[in-house]
Amino acid sequence: MPDQMLTVPMMARLDRPIEGETSRTMPDQMGNVAGATMDELADRLIETGGRAFMPGPLKKIVVFWLSGMSCDGCSISALGATEPSVEELLTGALPGIPTVVLHHYATAMESGDHFTRSFELAERGDLGAPYVIVYEGSIPDENLTVEGEPWSAEGSLPLWVGSEERRRVPTAEWVARLAPRAAAVIAIGTCATWGGIPASYGNPTASMSLMDFLGKDYRSAFGLPVINVPGCAPLGDNFTETVAVTLLFLNKQGPLPEFDELGRPAWLFADTVHRHCPRAGYYEEGTFAQEFGGKECLVELGCWGPVVNCNITERGAVGHMGGCMVAGGSCIGCTMPGFPDKFSPFYKRPPGAEVSAFTSRLTGSFIKPLRRISQRERNRTNLWRDKIPSGWAAELGGPTLTHRVMEYFYEKVQYAASEASRSPEARRRSTAAGTSLPPRPPTARRTRTCRTRRAAVARERGLPRRRELALGGGASSARLRTGALGNVLPESAHRVRFPRPGAPQGRIGGRVQLRHARARPLAGRGAAQAQRPRQGDERRPGHPGGRVAGVPCRRRPQGR
Amino acid sequence: MGGSLAFHAVVDLKAGKVHEANSVASLFRGYEVILKGRDPRDAMFISSRVCGVCGGVHSVTSSLAIEMAFGIAPPPMGLALRNIQLALDFMLDNPLHLYILARA
């Protein structure tokens, strides 16, 4: 233990300090051996933080975090914020956002009277920086208290007098005294925004929300009404993000944030839980969990997600992880003004779910079987047509007659009026020669172009053989390599098969050319040349399959 | 002090004597009154809002109270799950208290 700890008299200082005197000369604070204040800490951060350029007129802004009828859960959830984090706000790490000097009852450097002194300075307007009130917990009616001992108190006044003369100050009084000069008032948590659990049925303390306490006509010194970030507990990210955009606005670095008619950040609370819920797909198909522990929709177990404005399903609880439905819990509507009474009993199915769940069961009973058919077909590659090469897939068996019929019409509709002129089935049949395909039934084989025959005809007509191109030989590929196309192609491109310049997208080079065009579009004169068909070209330009005209098909030898 | 308890003492360290010691709860919300007349299962949700640091413990204890009142017991896996959850809550609230709320 340092010597200082032993020699410092741990007793309350009773005399009033001189104005401007720092608390370093008053070593009577529990745990604060240096006697530093939050203001000094912030000044040190601003001086030495290494940030040469901070846009905006404000260097620092003071935040008074008041805790009324609260459980401290909002403070804890704010600690878990990541984007931006509390540390980033406190150290001024974000451009355009002034350094936050936080007066929080749990994290302040000062204690006792030194803690409440800055509150008094703020009330008098002597703080030297604008301040924001963050209020956590609901506000009780202090007129109902017995013998003047408040329902919720923070500090005692007047400062610097003996304990017997002091009066414990209700948190509500601090709000009433600080709110008129505040740059903004932010209510965090459902208690502060709507009243929450202390204000639910029973309510022995006549609790109310911050909005109700200050009245509908309240505007801060900067003209803002009360900003509400509800949730029990709220998402830390929601709170710090709202603080960040509000500070950007106060620092003239951002627009006025958009709030809805209840004072919530509109970009955070416009959507319902259900719209981003990982279980919402089960609802759509009419699959509902009958007990906890499953992955299906929880509406029939008492989930209120479809009507609750909250973004926890989108944002997660901490660092985009977790959240109520992800963790397996149903929504009890903790961000809503009606919480908890209008959502309880929490384990009972909401009455509205009887109608909506029945409807989605009804539609789901049609949709689910149809989707299974499409899904099964799309779980197979194009090559797995009649004989399935994988031992795993073979377990599933081949398609049934119903399946084939459904798929036939499905494909017709899928490719109707589409740019892809052929269905996958037709394209599969005209796959380039050289691709190894599984054997086909005789019916399919009869319609196929025979690759050896086609290659012979192509050779007759003077077209380069695929093999030549692949090896980089032949006049055409040499011309390509010297840049006849007028474009710059990667060296690796010359090692693969390549079309002749001027050739239409034909059988031999068409697919390859397409691939190159995708990788690096041709441009300039060379591109025009490359697309133009040559004189006397007997092939049919633009034929999608690029099949050589007039070449009859021959049966493929058996056993291939 | 975290947990809405205010404590004030005047101690003479040299003499080793406590002159004055006062403590007062700086918060009353009346959860007992609020919980009256509700579905018993809701107690797990509402009583966990007593404390934002150790809410899980309040939730578990109210579920124990419900079990005692109804004379029921969870299945073995449910018991294990509840104990794991309680242990995780300790891992959350003890560091929170020691490093942030106790602050001395």
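Residues numbered from 1 in each chain as written. Chains lettered and ligands numbered in written order. Predicted model: local features only at pLDDT ≥ 70, side-chain atom pairs only at ≥ 80, totals over all residues.

K.L.:
What is the right way to read the domain arrangement of chain A from this model?
P.N.:
The figure often quoted for interface size is the accessible area lost as the parts come together. Residue and element names in this part refer to chain A. Under the domain assignment used here, chain A contains domain 1 (38-269) and domain 2 (272-382). The C-alpha centroid of domain 2 is placed 35 Å from the C-alpha centroid of domain 1. Facing 16 residues of domain 1, the contacting portion of domain 2 comprises 14 residues. A breakdown of the residues in the side of domain 1 that touches domain 2 according to their chemical character gives eight nonpolar, seven polar and one charged. (Domains from an automatic or database assignment. Contact = placed C-beta atoms within 7 Å. Nonpolar A, V, L, I, M, F, W, Y, C, P; charged D, E, K, R; others polar.)

K.L.:
Explanation requested: the interface of chain A and chain B in the structure shown.
P.N.:
In this assembly, 34 residues from chain A lie in contact with 32 residues from chain B. Broken down by element, the residue count for the side of chain A that touches chain B peaks at three residues, all from helix H3 (residues 73-79) of chain A. Residue composition of the side of chain A that touches chain B, grouped by class: 23 nonpolar, 10 polar and one charged. (Helix = DSSP H or I, 4+ residues; strand = E, 2+ residues; numbered from the N terminus.)

K.L.:
Explain the nonpolar core to me, please; I cannot follow it from the model alone.
P.N.:
Burial of nonpolar side chains together is a common tendency in soluble globular proteins. All names here are of chain A. Counting 100 residues, the largest nonpolar core has Val63, Phe64, Val132, Ile133, Ile186, Ala187 and Leu210 as the members making the most contacts within it. At seven residues, the largest contribution of residues to this core is made by helix H9 (residues 236-250). Two domains each donate at least three residues to this core, and these are domain 1 (38-269) and domain 2 (272-382). For Leu210, the residues in contact, after removing those within four places along its chain, are Tyr135, Ile139, Val185, Ala187, Ala192 and Val226. (Core = buried A, V, L, I, M, F, W, Y, C linked by C-beta atoms within 7 Å. Buried ≥ 20, exposed ≤ 12 C-beta atoms within 10 Å, placed from the backbone.)

K.L.:
Whenever I open this one, the pairing of strand E3 (residues 131-136) of chain A confuses me. Can you help?
P.N.:
For a regular strand, side-chain orientation follows a simple rule: the groups alternate between the two sheet faces. Residues and elements named next belong to chain A. Counting buried positions along E3 yields six of six residues, so the element is predominantly enclosed. When strand E1 (residues 60-67) meets E3, the two strands line up parallel, connected through six bridges. Counterpart to Leu66 in the pairing with E3 is Tyr135. Alignment of E3 against strand E6 (residues 184-188), held across five bridges, turns out to be parallel. Bridging from a neighbouring strand, Val134 pairs with Ile186 of E6. (Pairing = 2+ DSSP bridges.)

K.L.:
Can you walk me through unusual backbone geometry in this structure?
P.N.:
As a rule of thumb, non-glycine residues mostly have phi less than zero, and peptide bonds are mostly trans rather than cis. Residues and elements named next belong to chain A. Of note, the amide linkage connecting Phe339 to Pro340 takes the cis form, showing an omega dihedral of 0°. Tracing the sequence through the fold places Pro340 in the loop between helix H12 (312-315) and helix H13 (351-378). Backbone torsion omega between Ser344 and Pro345 reads 0°, so that peptide bond is classified as cis. For Pro345, the location among the structural elements is in the loop between H12 and H13. Its identity as a non-glycine residue notwithstanding, Asn203 has a phi of 35°, on the positive side. Inspection of the secondary structure assignment puts Asn203 in the loop between helix H7 (189-194) and helix H8 (210-214).

K.L.:
Hey, could you run me through the packing of helix H3 (residues 55-70) of chain B against helix H4 (residues 76-101) of chain B in this one?
P.N.:
Packed helices, taken two at a time, are described by their axes: the angle between them and the distance between them. All names here are of chain B. Contact geometry of H3 with H4 gives a least axis separation of 8 Å together with a crossing angle of 150°. In terms of axis orientation, H3 runs roughly antiparallel to H4. Crossing angle aside, the handedness with which H3 passes H4 is left-handed. The segment H3 lies against H4, with Gly56, Val57 and Val60 engaging Arg82, Gln85, Leu86 and Asp89. Grouping the amino acids of the contact of H3 with H4 by side-chain chemistry returns three nonpolar, two polar and two charged. (Axes fitted to C-alpha atoms, helices over the stretch in contact; angles between N-to-C directions. Parallel < 35°, antiparallel > 145°, perpendicular 65-115°, else oblique. Left-handed = near helix turned anticlockwise from the far one by under 90°.)

K.L.:
Where do I start with the sheet that holds E3 of chain A in this structure?
P.N.:
Within a beta sheet, neighbouring strands are joined by backbone hydrogen bonds and run either parallel or antiparallel to one another. Residue and element names in this part refer to chain A. An order of E2-E1-E3-E6-E7 is seen for the five strands of this open sheet, with the pairing classed as parallel. Both edges of this open sheet fall to strand E2 (99-104) and strand E7 (227-229), since each of them pairs with a single strand only. Between one strand axis and the next, the sheet turns through 20° on average, direction left out of account. With three bridges joining them, E6 and E7 adopt parallel strand pairing. Within the sheet, the bridge partner assigned to Ile188 lies in E7 and is Val229. Its contacts with the sheet place helix H2 (residues 38-48) against E1 and E2, and it is angled at close to 160° to E2.

K.L.:
Hey, could you run me through the packing of H13 of chain A against helix H15 (residues 401-414) of chain A in this one?
P.N.:
Residue and element names in this part refer to chain A. Direction vectors running N to C along H13 and H15 enclose 85°, while the axes themselves pass 10 Å from each other. Taken together, the axes of H13 and H15 are roughly perpendicular relative to one another. Here Ile373, Ser374, Arg376 and Glu377 of H13 come into contact with H15, specifically with His403, Met406, Glu407 and Tyr410. For the contact of H13 with H15, the per-class residue count stands at three nonpolar, two polar and three charged.

K.L.:
Any chance you could explain helix H6 (residues 171-178) of chain A here in plain terms?
P.N.:
Note on helix geometry: an α-helix contains 3.6 residues per turn, so any two residues three or four positions apart are oriented the same way. Buried within H6 of chain A we find Thr171, Ala172, Trp174, Val175 and Leu178 of chain A. The arc enclosing the buried residues of H6 of chain A, seen along the axis, measures out at 160°, which places them on a common side. (Arc of directions from axis to C-beta.)

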